[in-house]
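Topology and contacts: notes
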Amino acid sequence: MRRLFPLPAPHVPARAAEEHPAHPAPGPAAAEAADREWTPDELADAYAYPAADDPVRAGRTGWLRANMVSSLDGAAHHDGRSQPLSGAADMRIFGVLRGLADAVVVGAETVRQEGYRPARARAVFAARRAAAGQAPAPAIAVVSAGLELDLTLPLFTEPLTPTLVLTGTGAPPDRVRAAREAGAQVLFAGEGTGVDPARVTAVLAERGHTRLLTEGGPSLLGQFAAAGALDELCLSLAPFVAAGDAQRIAGGPALPVPERFALVSVLEEAGFLFTRYRRS
(Lines give C-alpha, C1' and ligand atoms only; values in the text may rest on other atoms or scores of the structure.)
Protein backbone atom coordinates (compact mmCIF):
# COMPACT_ATOMS: atom_id res chain seq x y z
CA MET A 1 0.00 0.00 0.00
CA ARG A 2 1.18 3.53 -0.71
CA ARG A 3 -0.20 6.98 -0.12
CA LEU A 4 -0.97 8.98 -3.24
CA PHE A 5 -2.56 11.99 -1.53
CA PRO A 6 -1.64 13.96 0.45
CA LEU A 7 2.08 13.33 0.65
CA PRO A 8 3.83 14.98 3.61
CA ALA A 9 6.61 17.42 2.84
CA PRO A 10 9.95 15.59 2.53
CA HIS A 11 11.96 15.69 5.72
CA VAL A 12 15.70 16.12 5.31
CA PRO A 13 17.75 16.26 8.54
CA ALA A 14 20.06 19.25 8.41
CA ARG A 15 23.24 17.27 9.05
CA ALA A 16 22.35 14.58 6.51
CA ALA A 17 21.62 17.22 3.91
CA GLU A 18 24.98 18.84 4.49
CA GLU A 19 26.95 15.59 4.37
CA HIS A 20 25.05 13.91 1.53
CA PRO A 21 23.24 16.59 -0.44
CA ALA A 22 22.66 14.26 -3.40
CA HIS A 23 21.26 11.46 -1.23
CA PRO A 24 19.16 12.91 1.59
CA ALA A 25 17.97 10.55 4.31
CA PRO A 26 14.49 9.11 3.67
CA GLY A 27 11.74 10.68 5.74
CA PRO A 28 8.01 10.16 6.35
CA ALA A 29 7.13 11.02 2.76
CA ALA A 30 9.34 8.23 1.41
CA ALA A 31 7.94 5.74 3.94
CA GLU A 32 4.33 6.48 3.02
CA ALA A 33 5.00 6.61 -0.71
CA ALA A 34 6.76 3.23 -0.66
CA ASP A 35 4.63 0.26 -1.68
CA ARG A 36 4.41 -1.92 1.45
CA GLU A 37 1.79 -3.42 3.74
CA TRP A 38 0.69 -0.91 6.35
CA THR A 39 0.19 -2.03 9.93
CA PRO A 40 -3.28 -1.86 11.51
CA ASP A 41 -2.08 1.02 13.71
CA GLU A 42 -0.90 2.99 10.69
CA LEU A 43 -4.24 2.47 8.97
CA ALA A 44 -6.10 3.38 12.16
CA ASP A 45 -4.15 6.64 12.37
CA ALA A 46 -4.86 7.36 8.71
CA TYR A 47 -8.61 6.84 9.21
CA ALA A 48 -9.00 8.36 12.68
CA TYR A 49 -12.30 10.11 13.35
CA PRO A 50 -12.05 13.87 13.80
CA ALA A 51 -11.73 14.84 17.46
CA ALA A 52 -14.81 16.16 19.24
CA ASP A 53 -13.30 19.68 19.30
CA ASP A 54 -12.29 19.60 15.63
CA PRO A 55 -13.96 22.57 13.83
CA VAL A 56 -15.17 20.18 11.13
CA ARG A 57 -17.53 18.69 13.72
CA ALA A 58 -18.96 22.01 14.90
CA GLY A 59 -22.68 21.71 15.55
CA ARG A 60 -22.78 17.93 14.97
CA THR A 61 -23.66 15.47 17.72
CA GLY A 62 -21.68 12.67 16.07
CA TRP A 63 -19.82 11.74 12.92
CA LEU A 64 -21.32 9.44 10.28
CA ARG A 65 -18.92 7.95 7.77
CA ALA A 66 -19.77 5.47 5.04
CA ASN A 67 -17.56 2.70 3.73
CA MET A 68 -18.50 1.44 0.27
CA VAL A 69 -16.88 -0.32 -2.68
CA SER A 70 -17.56 0.33 -6.34
CA SER A 71 -16.38 -1.21 -9.61
CA LEU A 72 -14.81 1.02 -12.24
CA ASP A 73 -18.15 1.19 -14.02
CA GLY A 74 -20.12 2.15 -10.91
CA ALA A 75 -21.51 -1.16 -9.66
CA ALA A 76 -21.95 -1.37 -5.89
CA HIS A 77 -22.25 -5.16 -5.97
CA HIS A 78 -22.08 -8.17 -8.23
CA ASP A 79 -24.80 -10.81 -8.12
CA GLY A 80 -26.28 -9.08 -5.08
CA ARG A 81 -23.14 -9.02 -2.92
CA SER A 82 -20.25 -6.58 -2.53
CA GLN A 83 -17.66 -9.27 -1.71
CA PRO A 84 -16.80 -10.09 -5.37
CA LEU A 85 -15.60 -6.47 -5.76
CA SER A 86 -13.41 -6.58 -2.67
CA GLY A 87 -9.79 -7.63 -2.13
CA ALA A 88 -7.25 -8.20 0.64
CA ALA A 89 -6.44 -4.52 1.22
CA ASP A 90 -10.12 -3.55 1.06
CA MET A 91 -10.90 -6.12 3.75
CA ARG A 92 -8.06 -4.80 5.94
CA ILE A 93 -9.47 -1.29 5.72
CA PHE A 94 -12.98 -2.67 6.32
CA GLY A 95 -11.69 -4.21 9.56
CA VAL A 96 -9.89 -1.02 10.62
CA LEU A 97 -12.96 1.14 10.05
CA ARG A 98 -14.99 -1.23 12.20
CA GLY A 99 -12.23 -1.22 14.78
CA LEU A 100 -12.58 2.57 15.11
CA ALA A 101 -16.38 2.79 15.20
CA ASP A 102 -18.79 2.86 18.15
CA ALA A 103 -21.58 1.47 16.00
CA VAL A 104 -22.01 0.11 12.47
CA VAL A 105 -25.28 1.24 10.88
CA VAL A 106 -26.66 -1.07 8.19
CA GLY A 107 -29.93 -1.62 6.36
CA ALA A 108 -32.02 -4.73 7.01
CA GLU A 109 -31.78 -5.87 3.38
CA THR A 110 -27.99 -5.68 3.50
CA VAL A 111 -28.05 -7.76 6.69
CA ARG A 112 -29.99 -10.40 4.79
CA GLN A 113 -27.97 -10.25 1.56
CA GLU A 114 -24.51 -10.15 3.14
CA GLY A 115 -25.23 -12.57 5.99
CA TYR A 116 -24.23 -10.12 8.72
CA ARG A 117 -22.73 -11.46 11.93
CA PRO A 118 -21.87 -9.60 15.15
CA ALA A 119 -18.74 -7.46 15.09
CA ARG A 120 -15.87 -9.18 16.88
CA ALA A 121 -13.30 -7.83 19.28
CA ARG A 122 -9.81 -7.66 17.82
CA ALA A 123 -6.78 -7.65 20.09
CA VAL A 124 -4.92 -5.23 17.82
CA PHE A 125 -7.51 -2.52 18.59
CA ALA A 126 -8.16 -3.40 22.25
CA ALA A 127 -5.91 -0.75 23.79
CA ARG A 128 -7.04 1.95 21.35
CA ARG A 129 -10.73 1.22 22.04
CA ALA A 130 -10.21 1.08 25.80
CA ALA A 131 -8.40 4.44 25.76
CA ALA A 132 -11.31 5.94 23.81
CA GLY A 133 -13.87 4.54 26.26
CA GLN A 134 -15.34 2.19 23.66
CA ALA A 135 -16.79 -1.30 24.07
CA PRO A 136 -14.51 -4.15 22.92
CA ALA A 137 -16.44 -4.35 19.63
CA PRO A 138 -18.80 -1.97 17.85
CA ALA A 139 -22.54 -2.50 18.04
CA ILE A 140 -24.36 -3.38 14.83
CA ALA A 141 -27.35 -1.05 14.36
CA VAL A 142 -29.90 -2.47 11.92
CA VAL A 143 -32.26 0.00 10.24
CA SER A 144 -35.64 -1.62 9.62
CA ALA A 145 -39.21 -0.38 9.20
CA GLY A 146 -41.15 -3.65 9.43
CA LEU A 147 -38.66 -5.49 11.67
CA GLU A 148 -38.97 -8.57 9.47
CA LEU A 149 -35.70 -9.88 10.84
CA ASP A 150 -34.51 -13.41 11.52
CA LEU A 151 -33.99 -13.06 15.24
CA THR A 152 -32.41 -16.52 15.49
CA LEU A 153 -29.30 -15.36 13.61
CA PRO A 154 -26.00 -14.96 15.53
CA LEU A 155 -26.30 -11.21 14.97
CA PHE A 156 -29.07 -11.25 17.59
CA THR A 157 -28.21 -14.32 19.66
CA GLU A 158 -24.40 -14.05 19.98
CA PRO A 159 -23.31 -10.39 19.90
CA LEU A 160 -20.43 -9.28 22.09
CA THR A 161 -22.03 -5.83 22.11
CA PRO A 162 -25.87 -5.91 22.02
CA THR A 163 -27.31 -5.43 18.54
CA LEU A 164 -29.40 -2.30 18.06
CA VAL A 165 -32.51 -2.06 15.90
CA LEU A 166 -33.49 1.38 14.61
CA THR A 167 -37.10 1.79 13.56
CA GLY A 168 -40.05 4.18 13.72
CA THR A 169 -42.62 4.58 16.47
CA GLY A 170 -45.21 3.08 14.11
CA ALA A 171 -43.36 -0.23 13.78
CA PRO A 172 -45.46 -3.37 14.49
CA PRO A 173 -45.61 -3.69 18.30
CA ASP A 174 -45.37 -7.49 18.19
CA ARG A 175 -42.13 -7.29 16.17
CA VAL A 176 -40.71 -4.66 18.53
CA ARG A 177 -41.50 -6.93 21.47
CA ALA A 178 -40.00 -9.97 19.72
CA ALA A 179 -36.78 -8.08 18.93
CA ARG A 180 -36.40 -6.98 22.54
CA GLU A 181 -37.10 -10.49 23.83
CA ALA A 182 -34.35 -11.74 21.48
CA GLY A 183 -31.89 -9.39 23.18
CA ALA A 184 -31.83 -6.51 20.70
CA GLN A 185 -32.12 -2.92 21.87
CA VAL A 186 -34.88 -1.23 19.87
CA LEU A 187 -34.44 2.52 19.35
CA PHE A 188 -36.99 4.80 17.71
CA ALA A 189 -35.66 7.28 15.15
CA GLY A 190 -38.81 8.25 13.30
CA GLU A 191 -42.46 9.05 13.91
CA GLY A 192 -43.94 6.73 11.28
CA THR A 193 -43.22 3.13 10.38
CA GLY A 194 -39.72 3.90 9.16
CA VAL A 195 -36.56 5.67 10.24
CA ASP A 196 -35.90 9.36 9.65
CA PRO A 197 -32.26 9.29 8.48
CA ALA A 198 -31.70 12.82 9.78
CA ARG A 199 -32.37 11.58 13.34
CA VAL A 200 -30.12 8.52 13.39
CA THR A 201 -26.91 10.26 14.47
CA ALA A 202 -28.59 12.05 17.38
CA VAL A 203 -30.44 8.93 18.56
CA LEU A 204 -27.24 6.88 18.60
CA ALA A 205 -25.29 9.73 20.21
CA GLU A 206 -27.76 9.58 23.11
CA ARG A 207 -26.49 6.02 23.67
CA GLY A 208 -22.86 7.20 23.59
CA HIS A 209 -22.29 6.14 19.99
CA THR A 210 -20.81 9.20 18.28
CA ARG A 211 -18.29 7.52 15.93
CA LEU A 212 -20.61 5.95 13.39
CA LEU A 213 -19.91 3.83 10.34
CA THR A 214 -22.48 2.82 7.75
CA GLU A 215 -21.83 0.02 5.29
CA GLY A 216 -25.03 0.65 3.34
CA GLY A 217 -26.57 -0.73 1.39
CA PRO A 218 -27.11 1.74 -1.41
CA SER A 219 -30.69 2.59 -0.42
CA LEU A 220 -29.71 3.48 3.13
CA LEU A 221 -26.68 5.47 2.01
CA GLY A 222 -28.87 7.35 -0.45
CA GLN A 223 -31.27 8.25 2.36
CA PHE A 224 -28.45 9.53 4.56
CA ALA A 225 -27.03 11.58 1.69
CA ALA A 226 -30.41 13.07 0.76
CA ALA A 227 -31.02 14.01 4.41
CA GLY A 228 -27.66 15.80 4.68
CA ALA A 229 -26.62 13.35 7.41
CA LEU A 230 -23.51 11.93 5.74
CA ASP A 231 -20.27 13.46 7.02
CA GLU A 232 -17.66 11.33 5.29
CA LEU A 233 -17.37 8.76 2.50
CA CYS A 234 -14.63 6.13 2.37
CA LEU A 235 -14.92 4.74 -1.15
CA SER A 236 -12.88 1.80 -2.41
CA LEU A 237 -12.61 1.91 -6.19
CA ALA A 238 -12.06 -1.67 -7.35
CA PRO A 239 -10.14 -2.38 -10.59
CA PHE A 240 -13.02 -4.40 -12.06
CA VAL A 241 -15.68 -3.84 -14.70
CA ALA A 242 -18.95 -5.52 -13.72
CA ALA A 243 -21.51 -4.28 -16.28
CA GLY A 244 -25.04 -5.54 -15.55
CA ASP A 245 -27.70 -3.52 -13.79
CA ALA A 246 -26.29 -3.30 -10.26
CA GLN A 247 -27.07 -0.20 -8.21
CA ARG A 248 -24.63 2.60 -7.65
CA ILE A 249 -23.29 2.97 -4.09
CA ALA A 250 -26.17 5.33 -3.25
CA GLY A 251 -29.74 5.25 -4.49
CA GLY A 252 -33.01 6.89 -3.58
CA PRO A 253 -34.16 10.51 -3.53
CA ALA A 254 -32.00 12.96 -5.45
CA LEU A 255 -30.50 16.01 -3.79
CA PRO A 256 -31.83 19.29 -5.24
CA VAL A 257 -28.21 20.28 -5.89
CA PRO A 258 -25.28 17.80 -5.79
CA GLU A 259 -23.39 18.24 -2.52
CA ARG A 260 -19.66 18.77 -2.79
CA PHE A 261 -17.27 16.72 -0.64
CA ALA A 262 -13.56 17.49 -0.20
CA LEU A 263 -10.85 14.92 -0.87
CA VAL A 264 -8.97 13.98 2.32
CA SER A 265 -6.73 11.11 1.23
CA VAL A 266 -6.03 8.47 -1.41
CA LEU A 267 -4.25 5.17 -0.77
CA GLU A 268 -3.44 2.55 -3.43
CA GLU A 269 -2.74 -1.17 -3.40
CA ALA A 270 -2.93 -3.77 -6.16
CA GLY A 271 -4.86 -1.40 -8.40
CA PHE A 272 -7.48 -0.53 -5.77
CA LEU A 273 -7.86 3.14 -4.86
CA PHE A 274 -8.98 3.85 -1.31
CA THR A 275 -10.39 7.36 -1.23
CA ARG A 276 -11.67 9.39 1.68
CA TYR A 277 -13.92 12.41 1.27
CA ARG A 278 -15.43 14.77 3.85
CA ARG A 279 -18.33 17.16 3.69
CA SER A 280 -16.76 20.40 2.46
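Our subject is the structure listed above.
What comes next concerns the included structure. Along every chain, residues carry numbers that run from 1 in the direction the sequence is written. For a predicted model such as this one, the threshold for reporting local features is a pLDDT of at least 70, and the threshold for listing and counting side-chain atom pairs is 80 or more; totals across whole chains, interfaces and linings nevertheless cover every residue. Hydrogens and waters are ignored; side-chain quantities use all the structure's heavy atoms.

Here we look at the overall build of the chain
Helix and strand counts for the chain stand at 10 helices and 10 strands. As defined in this context, the radius of gyration uses C-alpha atoms, and a globule is described by 2.2 Å times the residue total to the power 0.38. In terms of overall size, the chain behaves like a compact globule, its C-alpha atoms giving a radius of gyration of 20 Å where 280 residues would be expected to give roughly 19 Å. On the principal axes, the C-alpha backbone points of the chain span a range of 75 × 45 × 35 Å. For every residue, the accessible area obtained with a 1.4 Å probe (protein chains only) is divided by the maximum for its type, and the residue is called buried under 20%, exposed over 50%, and partly exposed between those limits. Burial status across the chain gives 44% buried among its 280 residues. Working definition of accessibility: Shrake-Rupley area with a 1.4 Å probe, residue cover restricted to the visible protein chains. For the chain, the computed accessible surface area is about 13500 Å², with 56% contributed by carbon and sulfur atoms. Across the chain, 27 positive and 31 negative side-chain charges occur, with their mean positions spaced 3 Å apart. Helical segments are the DSSP runs of H or I of at least four residues, strand segments are the runs of E of at least two, and each set is numbered from the N terminus. For the charge count, each Lys or Arg is scored as positive and each Asp or Glu as negative, with His and the chain ends excluded. A charged residue contributes its charge at one atom only: NZ of Lys, CZ of Arg, CG of Asp or CD of Glu.

Points about helix 4 (residues 88–100)
Taking 1.5 Å of rise per residue, the 13 residues of helix 4 would be expected to cover 18 Å, and the 19 Å separating its terminal C-alpha atoms lies within 8% of that figure. Here helix 4 has its buried residues at Ala89, Asp90, Ile93, Gly95, Val96, Leu97, Arg98, Gly99 and Leu100. Here, expected helix span is obtained from the residue count minus one, scaled by 1.5 Å.

A look at the pairing of strand 9 (residues 261–269)
When strand 1 (residues 2–5) meets strand 9, the two strands line up antiparallel, connected through 3 bridges. Each residue of the ladder has a partner; that of arginine 3, found in strand 9, is leucine 267. Any two strands are treated as partners once DSSP identifies two or more bridges connecting them. Pairing of strand 9 with strand 10 (residues 272–279) involves 8 bridges; the strand directions are antiparallel. Bridge assignment links glutamate 269 to a residue of strand 10, and that residue is phenylalanine 272. Linking strand 9 back to strand 10 in an antiparallel pair, the connection comprises 2 residues, with alanine 270 at a positive phi of about 50°.

A short note on the environment of leucine 255
Its place among the elements puts leucine 255 in the loop between strand 8 (232–237) and strand 9. Along the chain, leucine 255 and glycine 222 lie 33 residues apart, while their C-alpha atoms are 9.4 Å from each other. Those residues in contact with leucine 255, other than ones at most four positions away along the chain, are Ala225 and Ala226. Contact definition: two residues touch when any of their heavy atoms are within 4.5 Å.

Structural notes on the nonpolar core
Formed by 43 residues in total, the largest nonpolar core has its most connected members in Met1, Leu43, Tyr47, Ile140, Val142 and Phe274. Per-element accounting of this core gives the leading share, 5 residues, to helix 4. The contact partners of phenylalanine 274, leaving out residues within four places of it in the chain, are Met1, Tyr47, Ala89, Asp90, Ile93, Leu235, Ser236, Ser265, Val266, Leu267 and Glu269. Take the buried Ala, Val, Leu, Ile, Met, Phe, Trp, Tyr and Cys residues and link them wherever side-chain atoms come within 4.5 Å; each set so joined is a nonpolar core. Grouped together as the second largest cluster of nonpolar side chains are 26 residues, Ala66, Ala141, Leu220 and Leu235 included.

Notes on the sheet that holds strand 5 (residues 164–167)
Strand order across the open sheet formed by 10 strands is 1-9-10-8-2-7-3-4-5-6, with mixed pairing between neighbours. Where the open sheet ends on each side, the last strands, each with one partner, are strand 1 and strand 6 (185–188). Taking the axes of each pair of neighbouring strands and ignoring which way they run, one obtains an average angle of 25° across the sheet. In this sheet, strand 5 lies alongside strand 4 (residues 139–143) in parallel orientation, the contact comprising 3 bridges. Bridging from a neighbouring strand, valine 142 pairs with valine 165 of strand 5. To obtain each axis, a line is fitted to C-alpha atoms, and for helices this fit is confined to the stretch in contact; angles are then taken between N-to-C directions over 0 to 180 degrees. Contacting strand 2 (63–70), strand 3 (103–107), strand 4, strand 7 (211–214), strand 8, strand 9 and strand 10, helix 4 runs over the sheet at an angle of about 165° to strand 2.

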